[in-house]
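Observations on chain architecture
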Amino acid sequence: MKIAGNLSFLLPVLMSHPGNSSQRSTSFSPLFSSSSPAPAGSQFKEKSAARSLVETDKAFLDYLADINTSVLQHLLHHNTVDQKWHSQKTQLLKLNEKFHALWDQTGETCKTLKQFIQQDKPVSLQDIYIISNKTRVLEVYIQYFSSFTNFVVVGGFDYLAKNTCSYFKKNKVNLNTFLTNSQKAENSVSLYRILHERIREQVNQYTLILTRLHETTYKNAGSEGISDALKGFVDLQKYISQVLDEASVTKALWKSLERKVTDILRTPERRIREESRNIPISVSPGRSSHDRILLFDDVLVLHRGSDVHCYDLTTLWIEFTTEENSNRILKVTSPEESFTLSAKEPQHEAVWQWKLNQAIRQCLAGKRDFPLWGKGVDGHSPSSTPTSRFSAYTFKNEGRLRNAVYEGHWNKGVPHGKGTLRWDDERNYTGDFRDGKEHGFGVCVIPQKETEGYDCYKCHWKDGRMHGYGICEYNNNTVYRGYFKDNVRHGFGILEGSRTDSNPLRYIGQWENDKKTGYGVWESINSGESYRGMWLEDQRHGHGIVVTQSGLCYEGIFISDKLTGKGILLSEDNSLYEGEFTEDLMLKGKGKLTFPNGFTLEGVFSSKFGNGLQATGILKTPGNEEKAESAAQLQMGLHGLPVEKRWTGIFEPFVEYLQAGFTEESDESFLGFHIETGRTMRKTSNNNNGAGIIAETHTEESTEYLFCNRKSEEFSANNDFIENLKKKSDYVLLQQYLEKSFQCAKHPLGKILQTQALVFQATYSGMGANKHLLTMAQDEVKYLAKKLLEIIRDYLPESFNKESEDKETRNEMNCYTLVLPLILPKFYPELSMLYMLYHEKGDALYWQGIVHLGLLSDAKLLDFLDVQKHLWPLKDLQLTANQRYSFVNNQCFHSAIECFQKVSTTADPLEKMHTLFRTFEEIEKTVSWVLDREYKLPMDDLLPLLIYVVSRARYICARVLNPGWLSQGIQHLGAELHFIRDMMDPCGIGGMYDFLLTALESCYQHIQKEDKRLDEFPD
């Protein structure tokens, strides 16, 4: 709705700047008085509203200018040496700031409206600023009266009247002349009235304008804005009345209290809400009957004689409760204390509960209701307060939290949710709380005054104590990653020193009560030694193996960190000592030494091995070559360190996780963090007007950090993976699900596999890459597959258990066929290295034979291998005039060679056997083609042809599983054969696969033979 018309007659009253008025207006005319008739037709519309706004604002601006010049500026320039003047002036300056904000706001809006009228533009509802800019106008008035009442509460007007009365007398300034009611009053009352009555009346004028405008337009479209603005100004009238009354009551309260109490409690912003002398209520029996209870807008105060106890409303919970005598009382709960309030009249208790809850809710919201005693923010009932909230509190009572500051979420008087706890000794904890205690994930920093460093714990907590998986970064640059229980390291964990330390150490294994206890692997880079075996209270105790960088291996019994009694020593050259040792690994006492050449020395030994060894005994010449060879193949740890007792701490949390359910909390607590680059401590805003704390830990992106790598996964990992297991109806679906699970770093199965793989890598690489540890390594991989299958079987549907009763299904459902092929790629690099070290000598002989065979042409090689000539695939070769069959190379059995070279490209022993079987098929296919009929190769024909294929495979490069490593041919065939034999399904022994594997082993042995390598090769 727009109007048109020339309002230029108002220009004279709008041209002067509000701050330049030189005449004082001592009165103002009520709107629509007899001298200001209503518009024609009694229609109060936009044009009349604009004219009325200009008239009332002009008079208001003149009044503000006069008050500023004659009163306010003189008050601000008052100088005195009074100690109270500083605090009073601070509040006066704030009042002056809000006064000028109000003045500027009025002048700006009036100037804008003047421009519309001057330009003869139509005036719409959007141009009437008390409608279009209602929120801004209301906020200016609210801020002014808030500052004004603050000055009232601190007794500012009384102080100024007392200290400036001489000024007003000297300058003959009569304050009463600024009032509409000229009745004489004290200067303090006059100042009080001057600085708020006319401003309050301006709000009334705005309300009247909007009321008349609403009466004439409420049926028209677009009148909702007028109704909303009118409601806002009506609420502002109530608000002003309420804050003035509140300030007056609060000022009277400060005068009634002892000066000491007043000095403690009085602040400019604090207002009294209720007190026990007005509505009687008392603290529960047992306390002094003359207690005075004061409810302010931010604290609840119990005044007992000279004692004053203040309770912050943000950490106060109120609820009705029933005593044993069925009387209802108010229970007040604070973080460190609870007490009850009771009244003789039920209605008094109801009023106190209502006012307490309203004050608490407003205090939490950080602002008062508008109006003060309305229905609250966004229409919420004043009696409703959140039991869960965000706040800060300083603990004062004796106990572990004394002087600690907690900032975070609460629930009924105790920390609950995200929060930060800081002690005065610089300790702090940030993370999850439950029922007042650290519970969930959190980061705790503990200062170490001796080193001026910090210990930083990033772990899971339970009932106030570290419990579950965590990472601790100690001030001495060592890092622990593993499990905690009752605030100490307990369970599986890794303790690792910094690589920049002078003596970096690493321990991987079991902990108990903060000490190494159980099976573990320890290594020292400086000493060049590693130990794998049993521990007891931080000392090597029980069966153990020591491996040095020089290749020495000790195995024996340790007591209190010392090797005692009999043991075994293996050197890098395969010398074997069996006998007694000293505690520092020196040969001393009875023993037997077997040399690589078969000589044996049995007697009494002394001194360190290889360094001035002394012995008294009998030296025997070689008589048993097999015994010397067995020393080279001797495996450590087969009897004293059973695989079932190793790494139990890795499986225990997984079983606990299954029993605890599948929540996100239990997932991280039992199985570790599944994050990529770590966590950072930061605060984010939330719906409670507080700060929600997201606890994260900074970690470097490294595979050495257990469970800390997370990559984007196409496969969605459901925490409740057991339900997924139960849905798998057949073997193929189960195998597909397990394959995806093991590949997913977020899946519980993927996590435990990743943990075991990292431990395996740390144990059997570096100094742990020793051929005498091969059996220990392969047993660990097999045992892991067995344990995983046991867990999976427990949660498979009953149909699987019934089907597994038949032999065929039972053979499919074993760890070698279902689990081992899926997990072997994680262990293959380290495991294959151990196999290569074990077969280093045999593979070297084999490779020499391969090199010699590679020097022969196809025809010479086939002839040398005694392959029957009618089986030679040379009949279709197209030769040039200069070529001869005797010079043709790499042209026979090409498809079989290509197939065979793939045997090293997979970690699955069954897939390797499939490759060998396809190689056999390709050989038979080629022979059948040569004979032009189907032909089944007997063993006598197969062996030489297989030797041919193996010898030629070296010319085809294959990338193995270890990234970046290229191998020419099958250079370590002995290691491959041994790996297949050890890792293949025992149920598959026999049949065609076993026949082919035996043939390949015969081929390997044939190539190794000295006479074949040296004597029988043709020139």
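Bear in mind that the values here come from a model prediction, so they are computed numbers and not experimental data.

Conventions adopted
Throughout, a residue's number is its position along its own chain's written sequence, starting from 1. Whole-chain, interface and lining totals are the exception, using all residues; otherwise, since this is a predicted model, local features are given only for residues with pLDDT of at least 70 and side-chain atom pairs are given and counted only at 80 or more. Only hydrogens and water are set aside; all other atoms, that is, all heavy atoms of the structure, feed into the side-chain values. Strands are runs of DSSP state E lasting at least two residues, helices are runs of H or I lasting at least four, and both sets are numbered from the N terminus onward. Between buried and exposed lies partly exposed: a residue is buried under 20% and exposed over 50% of the maximum accessible area for its type, with that area taken using a 1.4 Å probe on protein chains only. We get accessible surface area from the Shrake-Rupley algorithm with a probe of 1.4 Å; when it comes to residues, only the shown protein chains can shield them. Expected helix span is computed as 1.5 Å times (number of residues minus one). Only Phe, Tyr and Trp rings take part, Trp by its six-membered ring, and two of them pair if their centres are within 6.5 Å. Stacked means planes under 30 degrees apart, edge-to-face means over 60, and tilted covers everything else. Only when the NZ atom of a Lys or the CZ atom of an Arg is both within 6 Å of the ring centre and within 35 degrees of the ring normal do we say a charge sits over the ring. Pairs of strands are assigned from DSSP output, requiring at least two bridges between the strands. Note on contacts: a residue pair qualifies if any of its non-hydrogen atoms lie within 4.5 Å across the two residues. Throughout, an axis means a line fitted to C-alpha atoms (over the contacting stretch in the case of helices), and angles, computed between N-to-C directions, take values from 0 to 180 degrees. Per residue, pLDDT measures the predictor's confidence, with a range of 0 to 100. Here, the term disulfide refers to a pair of cysteine sulfur atoms separated by no more than 2.5 Å. Polar contact is defined as a pair of N or O atoms within 3.5 Å, subject to the rule that within protein one atom must be able to donate a hydrogen and the other to accept it, and that residues adjacent in sequence are counted only when both atoms are side-chain atoms. By definition here, a salt bridge exists when the distance from a side-chain nitrogen of Lys or Arg to a carboxyl oxygen of Asp or Glu is within 4 Å. Throughout this description, any angle smaller than 35 degrees is read as roughly parallel, any larger than 145 degrees as roughly antiparallel, any in the 65 to 115 degree range as roughly perpendicular, and the remainder as oblique. Crossings are classed by handedness, with left-handed meaning an anticlockwise turn of the near helix from the far one by less than a right angle and right-handed meaning a clockwise turn. Patch definition: residues above 30% relative accessible area lacking any salt bridge, with like charges linked at up to 9 Å and the nonpolar side chains Val, Leu, Ile, Met, Phe, Trp and Tyr linked at up to 5 Å. Charge convention: Lys and Arg are scored as positive, Asp and Glu as negative, and His as well as the terminal groups of each chain are ignored. Lysine's charge is taken at NZ, arginine's at CZ, aspartate's at CG and glutamate's at CD.

A look at the overall build of the chain
A tally of regular secondary structure across the chain gives 30 helices and 33 strands. Every one of the 1019 residues in the chain was classed for burial, and the buried ones make up 51%. Of the accessible surface of the chain, which amounts to about 48,500 Å², a share of 48% is contributed by carbon and sulfur atoms.

Looking at helix α11 (residues 346-365)
Under the 1.5 Å per step criterion, the end-to-end length of α11 is 29 Å for 20 residues, consistent within 8% with the ideal 28 Å. Residues of α11 that are buried include every one of Glu349, Trp352, Gln353, Lys355, Leu356, Asn357, Gln358, Ala359, Ile360, Arg361, Gln362 and Leu364, and no others. Gly366 sits one or two positions beyond α11 and adopts a positive phi of about 80 degrees.

With respect to the packing of aromatic side chains
In this structure the tally under the stated criterion is 43 aromatic pairs. Here Phe492 and Trp647 contribute two aromatic rings whose centre-to-centre distance is 6.2 Å and whose plane-to-plane angle is 85 degrees, an arrangement assigned as edge-to-face. A residue pair is termed long-range when its members are at least 10 positions apart, and Phe492 in strand β19 (residues 488-496) and Trp647 in the loop between α12 (625-632) and α13 (648-660) qualify at 155 residues. Where Tyr846 meets Tyr1004, the ring centres are 5.2 Å apart and the plane angle is 40 degrees; that geometry is what we call tilted. One end of the pair, Tyr846, is in helix α23 (residues 840-853); the other, Tyr1004, is in helix α29 (residues 991-1008), and 158 residues separate them in sequence. Of the two residues, Tyr846 and Tyr1004, both sit in the buried class. Taken together through their ring pairs, the aromatic side chains of Tyr457, Tyr474, Tyr480, Phe484, Tyr507, Trp511, Tyr531, Trp535 and Phe558 make up a single cluster. In this structure, Arg427 is placed above the aromatic ring of Trp423, and the distance from its NZ or CZ to the ring centre is 4.4 Å. Taking the ring centre of Tyr531 as reference, the NZ or CZ of Arg540 above it sits at 5.4 Å.

Quick look at the sheet that holds strand β9 (residues 328-333)
With respect to topology, 4 strands assemble into an open sheet ordered β4-β10-β9-β8, the strand pairing being antiparallel. Looking at which strands have only one partner, the edges of the open sheet turn out to be β4 (282-283) and β8 (317-322). Strand direction decides the pairing type here: β8 and β9, joined by 6 bridges, are antiparallel. Within β9, the position partnered with Thr321 by the bridge is Ile329. Its contacts with the sheet place α11 against β8, β9 and β10 (338-342), and it is angled at close to 155 degrees to β8.

Quick notes on the environment of Gly591
Along the polypeptide, Gly591 turns up in strand β27 (residues 587-594). The class for Gly591 is buried, based on a relative accessible area of 10%. Note: C-alpha distance between Gly591 and Leu601 (10 residues apart in sequence) is 8.4 Å. Setting aside residues no more than four positions away along its own chain, Gly591 makes contact with Tyr577, Glu578, Gly579, Leu601, Glu602, Gly603 and Phe605.

Let's talk about the confidence of the model for the chain
Summing up the model confidence of the chain, the mean pLDDT is 78 and the portion of residues at 70 or higher is 77%. Here residues 674-718 scores under 50 on pLDDT; set against residues more than four positions off or in separate chains, the count is 120 contacts. Confidence drops under pLDDT 50 across residues 955-968; counting only partners more than four residues distant or on other chains, this segment forms 30 contacts.

Some details on the pairing of strand β18 (residues 479-485)
For a regular strand, side chains alternate in direction, first toward one face of the sheet and then toward the other. Of all the 7 residues making up β18, 6 are buried; the element is thus mostly covered by neighbouring parts of the structure. As paired elements, strand β17 (residues 465-473) and β18 share 6 bridges and run antiparallel to each other. In the sheet register, Gly470 faces β18, and the bridge partner there is Gly482. The antiparallel hairpin formed by β17 and β18 contains 5 residues in its connecting segment, where Asn477 sits at a positive phi of about 75 degrees. The pairing of β18 with β19 spans 6 bridges and is antiparallel. Bridge pairing in β19 places Lys485 opposite Val488. Where β18 hands over to β19, the hairpin turn is made up of 2 residues, of which Asp486 adopts a positive phi near 55 degrees.

Let's talk about the state of the cysteines
Per the counting criterion, the structure on display carries 0 disulfides. For Cys472, which is in no disulfide, the shortest distance to another cysteine sulfur is to Cys456 and amounts to 7.4 Å.

What to know about the side chain of Lys458
Locating Lys458 in the fold gives a position in strand β16 (residues 453-462). Judged by relative accessible area, Lys458 falls into the buried class, the value being 5%. A distance of 2.8 Å separates polar atoms of two side chains, one belonging to Lys458 and the other to Glu473.

Focus: the pattern of salt bridges
This structure, assessed with the given rule, holds 31 salt bridges. In this structure, Asp298 engages Arg270 in a salt bridge whose closest nitrogen and oxygen atoms are separated by 2.8 Å. Here Arg270 lies in the loop between α10 (259-265) and β3 (272-275) and Asp298 lies in the loop between β5 (292-296) and β6 (299-304), a separation of 28 residues in the sequence. By relative accessible area, which is 22% here, Asp298 ends up partly exposed. We note a salt bridge from Lys936 to Glu934, for which the minimum N-O separation is 3.8 Å. Considered together, Lys936 and Glu934 belong to a single accessibility category, that of exposed residues. A cluster of three or more residues bridged by salt bridges with shared partners is formed by Asp158, Lys251 and Lys255.

Details of the packing of helix α26 (residues 909-931) against helix α28 (residues 973-983)
Taken N-terminus to C-terminus, the directions of α26 and α28 make an angle of 120 degrees; their axes are 9 Å apart at the nearest point. Comparing the axis directions of α26 and α28 gives the class oblique. When the axes of α26 and α28 are compared, the crossing they make is left-handed. Within the contact between the two elements, α26 uses Pro909, Lys912 and Met913 and α28 uses Glu976, Phe979, Ile980 and Met983.

Regarding the sheet that holds strand β7 (residues 307-312)
The pairing of strands in a sheet happens through backbone hydrogen bonds and is either parallel or antiparallel. What the 4 strands build is an open sheet, ordered β3-β5-β6-β7; its pairing is antiparallel. Taken across any chain shown, the strands that pair with only one partner, and hence form the sheet edges, are β3 and β7. On average, each strand axis in the sheet is inclined to that of its neighbour by 20 degrees, with strand direction left out of account. Pairing between β6 and β7: 6 bridges, direction antiparallel. Of the residues in β7, the one forming a bridge with Leu302 is His309. Of the strands in this sheet, β3 and β5 are in contact with helix α9 (residues 224-256), which crosses β3 at around 60 degrees. Of the strands in this sheet, β3, β5 and β6 are in contact with α11, which crosses β3 at around 155 degrees.

Details of a positive patch on the surface
A cluster of like positive charges, contributed by Lys84, Lys162, Arg259 and Arg266, occupies part of the molecular surface. Locating Lys162 in the fold gives a position in helix α6 (residues 156-170). Judged by relative accessible area, which is 69%, Lys162 ranks as exposed.

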